[in-house]
Every structure is written in C-alpha cells, then in structure tokens.
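# Fold and geometry: a report
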Amino acid sequence: MELGGLHHVTAVTGDAAGNVAFYTQVLGLRLVKKTVNQDDVTAYHLFYGDELGHPGTEVTFFDWPRIGPALRGTQTIALIALRVPDAAALRWWARRFEQLGIAYRQERELDDRPALAFADPEGQALRLVADARGVASTPWRRSPVPPEVAIRGLHAVTLCVADATPTADFLRDVLGFRQIGSYPFPDNAARAVQVWAVGAGGSGAEVHLEERPELPPGRVGIGGVHHVALRAPDAAQQQAWRERIRRAGLAVTPVIDRYYFRSIYFHVPGQVLFEIATDGPGFAADEDPEHLGERLALPPFLEPRRAEIERGLRPL
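Residues numbered from 1 in each chain as written. Predicted model: local features only at pLDDT ≥ 70, side-chain atom pairs only at ≥ 80, totals over all residues. Heavy atoms only, no water.

## Focus on the overall build of the chain
Secondary structure assignment for the chain yields 5 helices and 16 strands. Over its C-alpha atoms the chain spans a radius of gyration of 18 Å, differing by no more than 12% from the 20 Å that the globule rule assigns to 316 residues. Its C-alpha atoms give the chain principal-axis dimensions of about 55 × 50 × 35 Å. Burial analysis of the chain (316 residues in total) assigns 56% to the buried set. Of all intrachain contacts in the chain linking residues separated by at least 6 positions in sequence, the fraction that spans at least 24 positions is 67%. (Helix = DSSP H or I, 4+ residues; strand = E, 2+ residues; numbered from the N terminus. Rg over C-alpha atoms; globule rule 2.2 N^0.38 Å. Buried < 20%, exposed > 50% of the residue type's maximum accessible area, 1.4 Å probe, protein only. Contact = heavy atoms within 4.5 Å.)

Here it is in structure tokens:
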C-alpha cells in the first residue's frame, strides 16, 4: 500500500473572477470544474489543472470573500510549487512575468533545481520549479501558454511548523514518506528545508517541511492554503489508509463522497489539514471533456437545489 503523491491543493480566494483570470489567462491552466464547496454551497469551488484535470495537476480554490486575509505562520501550508519541464521553460516564464509586471525571485531548490518564486494577485505564495520528472499531464489545448513551456502539475507543498519532528515522524511512520534531502531557506542559508517524498518520489510526490519556531500560528484566509490532498488509487486503499491513520491515534473523518473523488480528512501533527483522495471517477463524470468548467456543475445530490444555489452565488 503506497500513496501516489499529491492529488490537489486547495487554497482560498476572495475574488473568484480575478482568480479565474489569473490561473487561466496568466498561468495557462484550464478551469476544469466550476462547482461549489459541498460543505458551504454559498461558495464556489474552482478546480484548475491540465486538459482533463488529472490527479496531481490540480490547484483548487474556495471563494470566501468575507473570511479576511491569511495570516502567515506555523500550522499552515506556506507555499504551492508547480512544475515546468526544464530550465528553458523557466526562462520563458521569467520573461512573461516581466512583460506582465509580476514580481518574481530566482531561487534554487533540492539538487540545485532552478525555481521562480512569485505570488498571485491576492498574495498566494507560488513557485515554478524546473524538473523533467513528475506526473504525466496533457497541457490545455486552448491555453495562452505554449504547450512546450506549460505548467505540468503540482511539484510540492511547503508546510510551515513550529517543530518539524512530530510532523516528520508522522510522514515517515504513518504515511510512508522518506526524507530525500534538504536545501537552504531562500532567505536564510543557515537553515534548511527538509524534503520528504512518497511513492516513486520526484516532482509531484514531495512535501517540504520548514521549521519556524519564531513565528506565531497562522490562519487560513484569502491568499493562503486550506489543505493538501494525497492520492489513493481506489476506495479500498483509501479505507486502509483511514484505518492506519485512526490506529496512529489521529482523528480522521469518515469517507466522504465528493462525486468526482472520495475523500478523508485529518490534521497531521503540526496541525496542517491533509486529505487522501481517490484518483477517480474524475471531472468528466458529469461533463463532456470538451466543455469542462463552462457551466456550474453540481453533483447529483445537490442538483435538486440548483436554483437555490445559483441564487446565492455571484455571477461568474
């Protein structure tokens, strides 16, 4: 039994229209599903990914305009890293950011991988990393970004914690991660970010761990991350992971049917919210692949409430 890497990362926006514009027209990802937060149907849940939104390519957002800004600190996911195919692609992105007036910083990651750090218009910390490895993906055909330099999917998430040891122990002993190295903090070379990998490892299967005892606890909000999801290939393995996490003494939700995938949720030591999601059924379960994300999609159990739900949403 082995996790397959990152499934998706879910962050928070307060401006759904601006969010769509940035992630589709600037970053060139496809809006593969426009639906609602199933636990708060007054909020959009927007999914971006490759042509079909394959697991491992998805960045998603809850639209919560009244939640307030994220507070940077511990107990949070501090950064979302996305993969591009090579250093030439990274140079293309640097030129694009300069043309669009987007501030960026050149960085180096594990194994001297080149990277660009930047933020979306609401302050969400992002990083593009050049790495030829990673989950197979199909760039969006109608993207404004050429396919040879397109974002290929998730690379890693960075957890910010006050004490790295309990989180590291859980990643290793319960979830089956292994530490594969470290690299200096971008702003403090005397300190190191731990790199943990699962499954086959490589881009899309990494969690980076940043110990920051000097910071206060953070808070989820606009411009911050809500949770990260890991991949289980099927419901049977997901159920086995649920039992393993429960036996380790953590509170874990029952399996929740999200229609596009099934989910369980739990807080790891360090208080970051994790999810384990199944790879299927996928986003084409209720839409033609040619028209993903073009209309409000509701799973069957919410469809009877469509009129009520649409009245509560801002037009998008």
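## Concerning the pairing of strand β6 (residues 105-108)
In the sheet, β6 pairs with strand β7 (residues 114-119) via 4 bridges, with the strands oriented antiparallel. Among the inter-strand pairings, Q106 is bridged to a residue of β7, identified as L116. Connecting β6 to the next strand, β7, in antiparallel fashion are 5 residues, including D111 with a positive phi near 60°. (Pairing = 2+ DSSP bridges.)

## What to know about the nonpolar core
Counting 73 residues, the largest nonpolar core has L27, W93, L175, F266 and F274 as the members making the most contacts within it. One finds F47, F283, L292 and A297 within the second-largest nonpolar core, a separate group that totals 9 residues. (Core = buried A, V, L, I, M, F, W, Y, C linked by side-chain atoms within 4.5 Å.)

## Quick word on the sheet that holds strand β15 (residues 262-267)
Pairing within the open sheet is mixed, and its 8 strands lie in the order β2-β3-β4-β1-β13-β16-β15-β14. If you trace the sheet from one side to the other, it starts and ends with β2 (30-37) and β14 (256-257), each paired once. Across the sheet, helix α1 (residues 16-26) touches β1 (6-13), β2, β3 (40-49) and β4 (58-63), and the angle it forms with β3 is around 10°. (Axes fitted to C-alpha atoms, helices over the stretch in contact; angles between N-to-C directions.)

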